[in-house]
Amino acid sequence: MDDDERERSLCIFCGEDAPRLNLFHCPSCGGRPETVEDLAYAMAYSRVLYTDATLDRIADELRDGKARPTPPKQDFEQLLAFAES
């Protein structure tokens, strides 16, 4: 498994695979996390919290224009605290 496979993450805007927690501009849609909440979602939509199967489901929902699925509350609160620091 190469580094890209271990570090899989999704763009929080379009659902496409994005490099390194998508903290930079998405190569597909140009979106970039701007808020603390966006940063927390960018960290969550990766192998930090989810399996590939779950990431695939989330990607499909984002591509279909659905709202971002919220990670489990306790995990998301920890990610928000980390993003704020």
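Here is what the cut-offs are and how they apply
- Residues numbered from 1 in each chain as written.
- Predicted model: local features only at pLDDT ≥ 70, side-chain atom pairs only at ≥ 80, totals over all residues.
- Heavy atoms only, no water.
- Helix = DSSP H or I, 4+ residues; strand = E, 2+ residues; numbered from the N terminus.
- Buried < 20%, exposed > 50% of the residue type's maximum accessible area, 1.4 Å probe, protein only.
- Contact = heavy atoms within 4.5 Å.
- Areas by Shrake-Rupley, 256 points an atom, 1.4 Å probe, with all protein chains shown as cover.
- Salt bridge = Lys/Arg side-chain N within 4 Å of Asp/Glu carboxyl O.
- Core = buried A, V, L, I, M, F, W, Y, C linked by side-chain atoms within 4.5 Å.

Draft legend 1. Summary view of the overall build of the protein chain. Summing up its helical and strand segments, the protein chain has 4 helices and 2 strands in all. Every one of the 85 residues in the protein chain was classed for burial, and the buried ones make up 36%. The contacts of the protein chain with a sequence gap of at least 6 include a subset with a gap of at least 24, amounting to 48%. Element-wise, carbon and sulfur atoms account for 50% of the exposed surface of the protein chain, whose accessible area totals about 5200 Å².

Draft legend 2. Layout of the pattern of salt bridges. Counting across every chain of the model gives 9 salt bridges. For Arg 8, the salt bridge identified is with Asp 17, shortest N-O distance 2.7 Å. Salt-bridge contacts for Asp 52 lead to Arg 8; the nearest nitrogen and oxygen are separated by 3.1 Å. Residue Asp 52 is located in helix H3 (residues 52-63), and its partner Arg 8 is located in the loop between helix H1 (3-6) and strand E1 (9-10); the two are separated by 44 residues in the primary sequence.

Draft legend 3. Quick look at the nonpolar core. Residues Leu 10, Ile 12, Tyr 41, Tyr 45, Tyr 50, Ile 58 and Leu 79 are the most contacted members of the largest nonpolar core, which totals 16 residues. By residue number, the principal contributor to this core is helix H2 (residues 36-44), which donates 5 residues. Ignoring any residue separated from it by four or fewer positions in sequence, one finds Leu 79 in contact with Ala 40, Met 43, Ala 44 and Leu 49.

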